[in-house]
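# A structural walkthrough
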Amino acid sequence: MTVKGAQVVIVGGGVTGLSAGWWLARQGAEVLVLEKFIVGWEASGRNGGGASHSFSPLFLEEQRLWPQMDELLGYPTEFQPCRVRIGLTDENMTMFRRQMAIAARQGFKAELLTPQQVRELVPLAGDNVIGGAFYHYGGHANPQRTVQAYAWALQDLGGRILQHCRVTGFRSQGGRVTAVETDRGEFGCDSLVIAAGPQLGELAGQLGAEVPVAPARAEMIVTEPLPLMKHGGTDGNALYGRQTLRGNLVFGGGPHEWLDEAPVGARPATTPLTRNLAGRLLELFPKAAHVRVIRSWAGIVENTPDGRPILDRLKTVPNTVVATMSSIGFGLSPASGRAIADLVLQGRCDFADLTSCRLDRFANLDPDWRQDRSWISPDARASSAGSPLRTSQP
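What counts as what
- Residues numbered from 1 in each chain as written.
- Predicted model: local features only at pLDDT ≥ 70, side-chain atom pairs only at ≥ 80, totals over all residues.
- Heavy atoms only, no water.
- Axes fitted to C-alpha atoms, helices over the stretch in contact; angles between N-to-C directions.
- Helix = DSSP H or I, 4+ residues; strand = E, 2+ residues; numbered from the N terminus.
- Parallel < 35°, antiparallel > 145°, perpendicular 65-115°, else oblique.
- Left-handed = near helix turned anticlockwise from the far one by under 90°.
- Contact = heavy atoms within 4.5 Å.
- Nonpolar A, V, L, I, M, F, W, Y, C, P; charged D, E, K, R; others polar.
- Domains from an automatic or database assignment.
- Buried area = accessible area lost by both parts, 1.4 Å probe.
- Phe/Tyr/Trp six-rings, centres within 6.5 Å; stacked < 30°, edge-to-face > 60°.
- Buried < 20%, exposed > 50% of the residue type's maximum accessible area, 1.4 Å probe, protein only.
- Lys NZ or Arg CZ within 6 Å of the ring centre and 35° of its normal.
- Pairing = 2+ DSSP bridges.

Per an unreviewed UniProt entry, the protein goes by the name FAD-binding oxidoreductase and belongs to Hypericibacter adhaerens.

### Some points on the packing of helix 1 (residues 15-26) against helix 9 (residues 329-346)
Axis separation between helix 1 and helix 9 bottoms out at 7 Å; the angle between their running directions is 45°. It follows from the interaxial angle that helix 1 and helix 9 lie oblique. When you trace helix 1 past helix 9, the crossing you get is right-handed. Seen from helix 1, the contacting residues are Val15, Thr16, Ser19, Ala20, Trp23 and Leu24; seen from helix 9, they are Gly329, Phe330, Ser333, Pro334, Ser336, Gly337, Arg338, Ile340, Ala341, Val344 and Leu345. Of the residues that constitute the contact of helix 1 with helix 9, the class distribution is 10 nonpolar, six polar and one charged.

### Re the domain arrangement of the protein
Partitioning the protein into domains gives domain 1 (6-63 + 143-212 + 306-362) and domain 2 (82-137 + 214-303). Using only C-alpha atoms to locate each centre, domain 1 and domain 2 end up separated by 27 Å. On the side of domain 2, 25 residues touch domain 1, which itself brings 24 residues to the contact. Of the roughly 2,200 Å² buried between domain 1 and domain 2 on both sides combined, carbon and sulfur atoms contribute 60%.

### Focus: the packing of aromatic side chains
Aromatic rings considered in pairs are described by the distance between their centres and by the relative angle of their planes. Tallying each qualifying case throughout the model produces 13 aromatic pairs. For the ring pair Tyr135 and Tyr137, a centre distance of 5.0 Å and an interplane angle of 5° mean the geometry is stacked. Across the pair, Tyr137 and Tyr135 agree in class, each one buried. Consider the rings of Phe251 and Phe285, whose centres lie 5.8 Å apart with planes at 75°: the pair is edge-to-face. With a gap of 34 residues between them, Phe251 in strand 13 (residues 249-252) and Phe285 in the loop between helix 8 (273-284) and strand 15 (293-303) connect regions that are remote in the sequence. A residue is classified by how much of its surface remains accessible, and Phe285, at 1% relative accessible area, is buried. Taken together through their ring pairs, the aromatic side chains of Phe59, Phe108, Tyr135 and Tyr137 make up a single cluster. Of note, Arg46 hangs over the ring of Trp41, and the distance from its end group to the ring centre comes to 5.0 Å. Lying over the aromatic face of Trp23, Arg338 brings its terminal NZ or CZ to 6.0 Å of the ring centre.

### Observations concerning the sheet that holds strand 11 (residues 234-236)
With respect to topology, four strands assemble into an open sheet ordered 4-5-3-11, the strand pairing being mixed. Edge strands, defined here as strands with exactly one partner in the open sheet, are strand 4 (110-113) and strand 11. Ignoring strand direction, the axes of neighbouring strands in this sheet form an average angle of 30°. Two strands pair when backbone bridges link them, and strand 4 and strand 5 (residues 131-140) are joined in this way by four bridges, in the antiparallel orientation.

### So, unusual backbone geometry
Unlike most non-glycine residues, Ser327 shows phi in positive territory, near 80°. Position of Ser327 among the secondary structure elements: in the loop between strand 17 (320-324) and helix 9. Owing to a relative accessible area of 35%, Ser327 belongs among the partly exposed residues under this scheme. Of note, Ser374 is a non-glycine position whose phi angle comes to about 60°, a positive value. Checked against the element boundaries, Ser374 lands in the loop between helix 10 (369-372) and helix 11 (378-385).

What follows is the structure, encoded as structure tokens:
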């Protein structure tokens, strides 16, 4: 190992990479995190802050850990428990019932709300409410504070974080990665974790592995502060987000703007999607119609073909773990970091079945999977429309 390296080098200083580093350091591993900008610079530091993913195999561990994270990390995350969901359509209520059933099978309580009960819990709700749901689980936290908490807690345990350090390649020997090459020099490693968000596919490709992720631009808006609601974790109308402890409404949620590749460097400007978000927030909270949007953010997220995480060791380079939560990394971070640490140190996860997160589920993926899902940029779509028609396989 070189002097500058570490037992485990993690590429990506987002919430997943930092959590993995912290869990590894807790178990005595020497950790170095490489981040091309600053920690939490992209989606990890600016998202809805939700922590209730009942569809994930990491759900049970997510729910067990979040109420403990302030104490475990030694720094505040502003975690607040429970979640209120507002239904404006029959489709909304059907989705809530489905989520409640999945959570109930795992031992978590939730209940449907009448329109009047919703309005009593959420003073900003209006007469357009047809019902709602109250989840006695889940919750939300402050992404910026949480990312910083992971970083400080990692450093308290002796872990190192090198910011403004862009990975350019890898050096391998005997079927293992032995060093990470960057624009600031080379760092030796015994094990490698790639948790690089939208750049995951490109970096894994340099190791001969195909990790299918599609980058997309997502946006969020922040309003002026309002009097605090009893439950800041209130959402609906295809929006995710929360009311911060300072009263601001922070919300995002589709439609994505699909990109051909993840840009590195300058951050993208916002788009008319901001207007779409503000309109849907007004539908969700009609009594907040008077507040102004004071900030917005546009950033790049990555999406797997089935929307589920990838947490796996590469078969061709077994000392390398690849990780993406497919755009829901923040809430799952306490559990995903622990899972990654297990994969690095012992090759398996002891607390969750990660079969559905394995990379080989995409072994027979159609090369045109992004086109089939219309997950392509407007330019690529226009180019495709001008090309000869594809023929179906017999």
